[in-house]
Amino acid sequence: MEVTFKDVSLSYDGSREILHRLNFTIPEGTLVSILGPSGCGKSTTLMMISGLLAPTSGHIFFGDEDVTKQDALQRKVGMVFQNYALYPHLKVLDNIMFPLKMAKVPKAERREKAIKLAKLVHVDDQLDKKPGSLSGGQQQRVAIARALAKEPSLLLLDEPLSNLDARLRIEMRQEIRRIQQETGVTTIFVTHDQDEALHISDHIMVLNSGKIQQFSSAETLYDNPSNLFIAQFIGEPVINTIDIEDFDDELTDHVDAEILKRAKKVGIRPEALQDHDTGADTLATITTKVKTFEKFGREKNALLDFHGKRLLTTEIEAELAEGQELPLYLQKSGFYLFDQEGTRIFGGDQDVE
Amino acid sequence: MLNEKPTLKSTGKALLYLLPMLIITITFNIYPILKSFIMSFYTKYDFFRDIVSQYGFDNFKFLFSDPDFHIAVKNTLIFVIGVVPLTVIISLAIALLLNRITWLSGLFRTVYFLPFVTSTVAIAQVWHWIYNGDYGLLNYFLSFFGVNAISWLESPHYAMLALIIMSVWKNLGFNIVLFLVGLNNINERYYQAAKIDGANTWHQFTNVTVPLLSPITFLVSVNGVIGSFKVFDEIFALFNGTPGPSKSALTIVYYLYQKFYTEWKYGIAAASGVVLFFMILLVTVFQLWYSKRHVHY
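Since this is a predicted model, take the numbers as computed values, not measurements.

Rules used in this analysis
Residues numbered from 1 in each chain as written. Chains lettered and ligands numbered in written order. Predicted model: local features only at pLDDT ≥ 70, side-chain atom pairs only at ≥ 80, totals over all residues. Heavy atoms only, no water. Pairing = 2+ DSSP bridges. Helix = DSSP H or I, 4+ residues; strand = E, 2+ residues; numbered from the N terminus. Axes fitted to C-alpha atoms, helices over the stretch in contact; angles between N-to-C directions. UniProt positions renumbered as here; feature names shortened; annotations may be inferred. Phe/Tyr/Trp six-rings, centres within 6.5 Å; stacked < 30°, edge-to-face > 60°. Lys NZ or Arg CZ within 6 Å of the ring centre and 35° of its normal. Salt bridge = Lys/Arg side-chain N within 4 Å of Asp/Glu carboxyl O. Buried < 20%, exposed > 50% of the residue type's maximum accessible area, 1.4 Å probe, protein only. Parallel < 35°, antiparallel > 145°, perpendicular 65-115°, else oblique. Left-handed = near helix turned anticlockwise from the far one by under 90°. Contact = heavy atoms within 4.5 Å. Nonpolar A, V, L, I, M, F, W, Y, C, P; charged D, E, K, R; others polar. Arc of directions from axis to C-beta. Patch = residues over 30% accessible without salt bridge, like charges linked within 9 Å, V, L, I, M, F, W, Y side chains within 5 Å. Areas by Shrake-Rupley, 256 points an atom, 1.4 Å probe, with all protein chains shown as cover. Buried area = accessible area lost by both parts, 1.4 Å probe. Polar contact = N/O pair within 3.5 Å; in protein donor to acceptor, adjacent residues only side chain to side chain.

## Some details on the sheet that holds strand β6 (residues 78-80) of chain A
Residue and element names in this part refer to chain A.
Thought 1: The strand order β6-β7-β8-β3-β9-β10 describes an open sheet built from 6 strands, whose pairing is mixed. This sheet does not close on itself; its edge strands, each paired only once, are β6 and β10 (211-216). In this sheet, neighbouring strand axes are inclined to one another by 15° on average, regardless of whether the strands run parallel or antiparallel.
Thought 2: Here 5 bridges tie strand β9 (residues 203-208) to β10, and the two strands are oriented antiparallel to one another. Along β10, the bridge assignment pairs Asn 208 with Lys 211.

## Considerations on the UniProt feature "domain: ABC transporter" (unreviewed entry) in chain A
Thought 1: In the numbering adopted here, UniProt assigns the feature "domain: ABC transporter" (unreviewed entry) to residues 3-234 of chain A.
Thought 2: In residues 3-234 of chain A, helix accounts for 38% and strand for 25%; the two terminal C-alpha atoms are 25 Å from one another.

## Focus on the packing of aromatic side chains
Thought 1: Applying the stated rule across the entire model yields 36 aromatic pairs over all chains.
Thought 2: Within the aromatic cluster, the residues linked to one another by ring pairs are Tyr 42, Tyr 45, Tyr 55, Phe 232, Phe 236, Tyr 254, Tyr 257, Phe 260, Tyr 261 and Tyr 266 of chain B.
Thought 3: If you follow Arg 146 of chain A out to its NZ or CZ, it ends over the ring of Tyr 87 of chain A, 4.7 Å from the centre.
Thought 4: Over the ring of Tyr 222 of chain A we find Arg 269 of chain A, and its NZ or CZ is 4.0 Å from the ring centre.

## A short note on the pattern of salt bridges
Opposite charge on two side chains makes pairing possible when the charged atoms of those side chains draw close.
Thought 1: What the rule picks out here adds up to 18 salt bridges over all chains.
Thought 2: Among the salt bridges present, the one from Arg 21 of chain A reaches Asp 7 of chain A, with a minimum N-O distance of 3.6 Å. In this pair, Arg 21 of chain A sits in strand β2 (residues 17-26) while Asp 7 of chain A sits in strand β1 (residues 3-11), placing the two residues 14 residues apart along the sequence.
Thought 3: Across the salt bridge formed by Glu 263 of chain B and Lys 265 of chain B, the nearest N and O atoms sit 3.5 Å from each other.
Thought 4: A relative accessible area of 35% means that Glu 263 of chain B is categorised as partly exposed.
Thought 5: The exposure class assigned to Lys 265 of chain B is partly exposed, which follows from its relative accessible area of 35%.
Thought 6: One salt-bridge network, held together by shared partners, links Arg 141, Glu 171, Glu 175, Arg 178 and Glu 182 of chain A.

## Digging into the packing of helix α3 (residues 67-100) of chain B against helix α4 (residues 105-117) of chain B
All names here are of chain B.
Thought 1: It is at 10 Å that the axes of α3 and α4 come closest, and there the two elements cross at 160°. Regarding the angle of α3 to α4, the classification is roughly antiparallel. Crossing hand, α3 versus α4: left-handed. Contacts between α3 and α4 involve Ile 94, Leu 98 and Asn 99 on the former and, on the latter, Phe 108, Arg 109 and Tyr 112.
Thought 2: Of the residues that constitute the contact of α3 with α4, the class distribution is 4 nonpolar, 1 polar and 1 charged.

## Some words on helix α2 (residues 58-65) of chain B
Note that an α-helix has 3.6 residues per turn; residues three or four places apart therefore point the same way.
Residues and elements named next belong to chain B.
Thought 1: Taken residue by residue, α2 has Asn 59, Phe 60 and Leu 63 as its buried positions. The buried residues of α2 all sit within an arc of 95° when viewed along its axis, so they share a single face. Away from its buried face, by an angle of more than 90 degrees, α2 presents the exposed residues Lys 61, Phe 64 and Ser 65.
Thought 2: Looking at the buried side of α2, the elements it contacts are α1 (8-39), β1 (42-46), α3, α11 (252-262) and α12 (266-294).

## With respect to helix α1 (residues 42-50) of chain A
Residue and element names in this part refer to chain A.
Thought 1: Among the 9 residues that make up α1, 8 are buried, leaving the element largely enclosed by the rest of the structure.
Thought 2: If you check which residues of α1 are buried, you get Lys 42, Thr 44, Thr 45, Leu 46, Met 47, Met 48, Ile 49 and Ser 50.
Thought 3: At the exit of α1 stands Gly 51, carrying a positive phi of roughly 95°.

## Quick notes on a nonpolar patch on the surface
All names here are of chain B.
Thought 1: On the surface, a nonpolar cluster with roughly 1,200 Å² of combined accessible area is contributed by Leu 15, Leu 16, Leu 18, Leu 19, Leu 22, Ile 23, Ile 26, Ile 30, Tyr 31, Leu 34, Ile 38 and Tyr 55.
Thought 2: In terms of residue count, α1 provides more of the nonpolar patch than any other element does, 11 residues in total.
Thought 3: A residue is classified by how much of its surface remains accessible, and Ile 26, at 45% relative accessible area, is partly exposed.

## Concerning the UniProt feature "transmembrane region" (unreviewed entry) in chain B
Residue and element names in this part refer to chain B.
Thought 1: Per the UniProt record, the feature "transmembrane region" (unreviewed entry) sits at residues 14-34, 77-98, 110-131, 160-181 and 266-290.
Thought 2: Helix makes up 100% of residues 14-34 and strand 0%, and the two end C-alpha atoms of the span are 25 Å apart.
Thought 3: Helix makes up 86% of residues 110-131 and strand 0%, whereas the separation of the span's terminal C-alpha atoms amounts to 25 Å.

## Focus on the interface of chain B and chain A
Thought 1: Contacts between the two partners involve 18 residues from chain B, matched on the other side by 23 residues from chain A.
Thought 2: For the chain B face of the interface with chain A, the top three residues by lost area are Arg 189, Ile 196 and Asp 197 of chain B, together amounting to 40%.
Thought 3: Taken together, the connections running from chain B to chain A amount to 1 salt bridge.
Thought 4: Here Arg 146 of chain A and Asp 197 of chain B are joined by a salt bridge, their closest N and O atoms 3.7 Å apart.
Thought 5: At the boundary of chain B with chain A, the tally comes to 4 residue pairs in polar contact (both at pLDDT 80 or more).
Thought 6: Every element with two or more residues in the side of chain B that touches chain A is listed here: α8 (188-196) and α9 (201-229) of chain B.
Thought 7: A total of 7 residues in the side of chain B that touches chain A trace back to one element, the largest contributor, which is α8 of chain B.

Encoded structure:
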């Protein structure tokens, strides 16, 4: 089902506003991640979609229907909580059957359906166990099965992978993607881990301090960050950020003077600093001094000094000695200028031929 | 060290640490228990010189043929069956309500806890007046519903009911606090999950609150059963040192008290104590067995 927020705001005690006039539409059948740092309001947004929390103002639509006034009972969404919230006193099978029991589905049908779902999430060999004796990954699968049991038109996942170890996390995010594609249910996935969001979703909504920063595909977020926050938040290693004053006249001939005058911050992705001339892709050249040079497996990281500021690059081909002078070629893709408010005014697709 | 092997020295040291409490427990608990078990078999006993000249089962035989003891057992069972379920249900209901209100919640909690810290004698005096046949509040209240005046404490038909009502009320305070702790320990997430799963308020209560509260319910009921089997001071205080009109509130402990302190029949008193011990043991074992299947930790 399509989910639409219209000017939705939320404040907890009437004075402190947590979410400010959110407007977005989540298309039917897609997997959308809500991504943001801790305390940005992403879980709160999910709670409002589920109906566990009511917005202070604004309207929420499921399809064409205004559900703002409906509570969680009436909205009938499926939800997986961060700590799974499986009923500790019920066996796995009973946990999955619980929503069906509440919907007064006949017992035999309930069982059949629950077993089918358990197979879908690969926990059909654990049906008689209590949640306490399952591993984190298994609990998570049961929680997904329970959320899917009543065939919700909307599946909400609140940081479902945060309690798992690194390897299992990667496995489970592929599982979630598989289950979502098999069932075709519109899924909203809350996470603070950009890696998770980038790998799993069709679209990503980045939230910060209660405002939507950007809502687009993962690729667009990386290639065309709409502002400095997105540029710094997305990408590993983090984008190099320096002030425009740190440049002497390296940019003068390559960027429009009008734009240069408005620019405040410069963002350079670590892979946009090449040690060889790339011809048409090169925007400008700068001279730096090598501070440190490290190699781990395939990775080569060089920390450079540029007019007293530090720059990191991952694109060095030759071996470097500390203290040596190094000319670098700034690539057009991965170079951004931001104005006083942090909005991007140069770089991204529009400036790459 | 955590992985230290027990040696003679370390065991001796541990014993030294335990000794102060051990001395008190042995003197005031273990020894009297053993002594009363032995005493229940005294059939010929000269208590002036502490000489036992004969052991046997005569005391138990006497109990099984004593109509007073039959009354005592019957009354004790009525009291337990009357008090425990009512205490559990009412204190759970009040705890649920107290858990809901935020306004002056501290004050209300204190008010409900007060009976627990008040002396039984004081409580009994207050209820004595409430139950008063001519001027009592309870009869006054009942008169609004057209109920004729009841002589609560003087009629053998109502004395046990009066005792049960007062005991339930007295027990509420502590059990409410226990239930409140239990309710607070239930993670809000379970209720949210249940709501998402389509459970209305009643289904949330039966499917989340009741099963997750079962350890506390178990504690409260075991505690209540043991406490109720041992009831004595409420009776003594409410009926001014008598076991109620025509023995209508005579319980096992009251019987024991009478045999021991007024009739000096130590053997019989001890035997009735042993019978009470096995009754409590039986019920508690049953409760433990039941809890294995229905209590979720």
